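# Notes for the structure review
Spelled out, the chains give:
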Amino acid sequence: MTNSYDSLIIGQGLAGSILAYRLITSGKKVLVIDNHHRDSSSQVAAGIINPITGYRLITNILFSEQRESSLGLYQELEKLFKQNFITNLNQFRLLKSVEQAAFWKKRQSHATYKNYAGNTLESVTPFINEDFGVAEIHKTVRIHTSELLHNIKHWLIEKNSYLDKKVDYQTIKIIPEKV
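Residues numbered from 1 in each chain as written. Predicted model: local features only at pLDDT ≥ 70, side-chain atom pairs only at ≥ 80, totals over all residues. Heavy atoms only, no water.

### Brief notes about the overall build of the protein
Just so we agree on the cut-off: Helix and strand labels come from DSSP, where a helix needs a run of H or I of at least four residues and a strand needs a run of E of at least two; each type is numbered from the N terminus. The classification of residues rests on relative accessible area computed with a 1.4 Å probe and restricted to protein chains. Under 20% of the type maximum is buried, over 50% is exposed, and intermediate values are partly exposed. By definition in these notes, contact holds between two residues if any of their heavy atoms fall within 4.5 Å.
Broken down by element type, the protein carries 5 helices and 7 strands. Order of helices (α) and strands (β) in the protein, N terminus to C terminus: β-α-β-α-β-α-β-α-β-β-α-β. Its C-alpha atoms give the protein principal-axis dimensions of roughly 60 × 35 × 35 Å. Classification of the 179 residues of the protein by burial places 37% in the buried group. Restricting to contacts in the protein with at least 6 residues of sequence separation, those with at least 24 account for 70%.

As structure tokens, then:
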């Protein structure tokens, strides 16, 4: 290991991993420090890229562009590691009230939601009483974050850009041009 890096990233979660990947592939020297605690949010995250969220069943106006951009990155990582990290799926969401069912009905007829808002189903299983229906949401994606992070960690190790260590934040000193 060297003592000189362009960037220091503390934490090898999804954000730290992607940032490190982008910096390293653009020619920067990076050190990622992580103690790989098994209950970190990125390790237990569902990895869902969800087009319609919240009680009011809304979408981000930029969702389509953001989805394509992020999928491009994950596909790039799939090629690099020769593994599949992306699963496309349809999501089924229980509608919880008359009000939420009305939101869903509006979404189904709105142009912004045409690629995402599917049918309203009465039931998806005989074991659950879906009084207000079930919303079918298209273009949901699951990223297998645990497997992705495992691969990026080993890639960082090969690049001499990973240190398995718990950071004592009290010992970090930030001075001009240095940490």
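Additional details are given in the paragraphs that follow.
### Section: the nonpolar core
The condition is simple: Only buried Ala, Val, Leu, Ile, Met, Phe, Trp, Tyr and Cys residues count toward a nonpolar core, and they belong to the same one when joined by side-chain atoms within 4.5 Å.
Among the nonpolar cores identified, the biggest contains 34 residues, and Ile52, Tyr74, Leu77, Trp104 and Leu156 are the most heavily contacted of them. Here the element with the most residues in this core is helix α3 (residues 63-81); it accounts for 6 residues. Residues within four places of Tyr74 in sequence aside, it is in contact with Leu14, Ile18, Ile49, Ile86, Ile143 and Leu148.

### Focus on the confidence of the model for the protein
Quick note on the threshold: As a per-residue measure, pLDDT reflects the predictor's confidence and takes values from 0 up to 100.
For the protein, mean pLDDT is 91; residues scoring 70 or higher make up 95% of the total. Between the elements of the protein, mean pLDDT differs from a low of 80, seen in helix α2 (residues 41-44), to a high of 97, seen in helix α1 (residues 14-25).

### Brief notes about helix α4 (residues 98-109)
Defined as follows: How far a helix is expected to stretch is found by multiplying one less than its residue total by 1.5 Å. The directions from the helix axis to the C-beta atoms are what the arc is built from. For the purposes of these results, a polar contact is taken to be a pair of N or O atoms within 3.5 Å, where, inside protein, one atom must be able to donate a hydrogen and its partner to accept one; residues adjacent in sequence count only when each atom of the pair is a side-chain atom.
An ideal rise of 1.5 Å per residue puts 16 Å on 12 residues; α4 measures up with 17 Å between its terminal C-alpha atoms. Restricting attention to buried positions, one finds in α4 the residues Gln100, Phe103, Trp104 and Arg107. Taken end-on, α4 shows its buried residues confined to a sector of 100°, consistent with a single buried face. In α4, the exposed positions angled more than 90 degrees off the buried face are occupied by Val98, Lys105, Lys106 and Ser109. Of the surrounding secondary structure, the elements contacted by the buried residues of α4 are β4 (86-94), β5 (117-121) and β6 (134-143). At the N-terminal end of α4, a side-chain oxygen is found 3.4 Å from the backbone nitrogen of Glu99, two or three residues along, and the residue is Ser97.

### Details of the sheet that holds strand β1 (residues 7-10)
By way of backbone hydrogen bonds, the strands of a sheet pair with one another, either parallel or antiparallel. Short version of the rule: A pair of strands is labelled paired if DSSP reports no fewer than 2 bridges between them. To obtain each axis, a line is fitted to C-alpha atoms, and for helices this fit is confined to the stretch in contact; angles are then taken between N-to-C directions over 0 to 180 degrees.
Ordered in space as β1-β2-β7, the 3 strands form an open sheet in which the pairing is parallel. Here the strands that pair on one side only, and so sit at the sheet edges, are β1 and β7 (162-164). Between one strand axis and the next, the sheet turns through 20° on average, direction left out of account. Here 3 bridges tie strand β2 (residues 30-34) to β7, and the two strands are oriented parallel to one another. Counted as the bridge partner of Asp34 is Asp164 from β7.

### Observations regarding the layout of surface pockets
Stated precisely, the cut-off is as follows: Here the term cavity refers to a set of points on a 1 Å grid, laid over the protein atoms alone, in which a 1.4 Å probe fits but cannot get out; the term pocket refers to an open set having protein on both sides within 12 Å along at least five of seven lines, with lining residues being those that place an atom within 4 Å of a point. Grid points are joined across faces, edges and corners, and a volume is the space filled by probe spheres set on the points. Polar here means any residue other than Ala, Val, Leu, Ile, Met, Phe, Trp, Tyr, Cys and Pro, which are nonpolar, and Asp, Glu, Lys and Arg, which are charged; Gly is therefore polar.
For the largest pocket, the calculated volume is near 620 Å³. Together, 22 residues line the largest pocket, and Asn3, Leu8, Leu31, Ile33 and Val179 are the ones closest to its centre. For the lining of the largest pocket, the secondary-structure elements that each account for two or more residues are β1 and β2. Broken down by element, the residue count for the lining of the largest pocket peaks at 3 residues, all from β1. Looking at the lining of the largest pocket, its residues break down into 10 nonpolar, 5 polar and 7 charged.

### Details of the packing of aromatic side chains
Put simply, the test is: Classification of ring pairs uses Phe, Tyr and Trp, with its six-membered ring standing for Trp, and accepts pairs whose centres are within 6.5 Å; under 30 degrees between planes counts as stacked, over 60 as edge-to-face, and the remaining range as tilted. Two conditions define a charge located above a ring, namely a distance within 6 Å from the ring centre to NZ of Lys or CZ of Arg, and an angle within 35 degrees of the ring normal.
Considering all chains together, one arrives at 4 aromatic pairs under this definition. With centroids separated by 6.2 Å and ring planes inclined at 85°, the aromatic side chains of Tyr55 and Phe103 adopt a geometry described as edge-to-face. In this pair, Tyr55 is assigned in the loop between β3 (48-49) and α3 and Phe103 in helix α4, connecting sequence segments 48 residues apart. A relative accessible area of 11% places Phe103 in the buried class. Summarising the aromatic geometry, the rings of Phe63 and Tyr116 are spaced 5.4 Å apart at their centres and angled 85° between planes, so their arrangement reads as edge-to-face. Taken together, the residues Phe63 in helix α3 and Tyr116 in the loop between α4 and β5 connect sequence positions 53 residues apart. On the basis of relative accessible area, Phe63 is assigned to the buried category, the value being 7%. Positioned over the ring face of Tyr5 is Lys29, at 5.9 Å from the centre of the ring.

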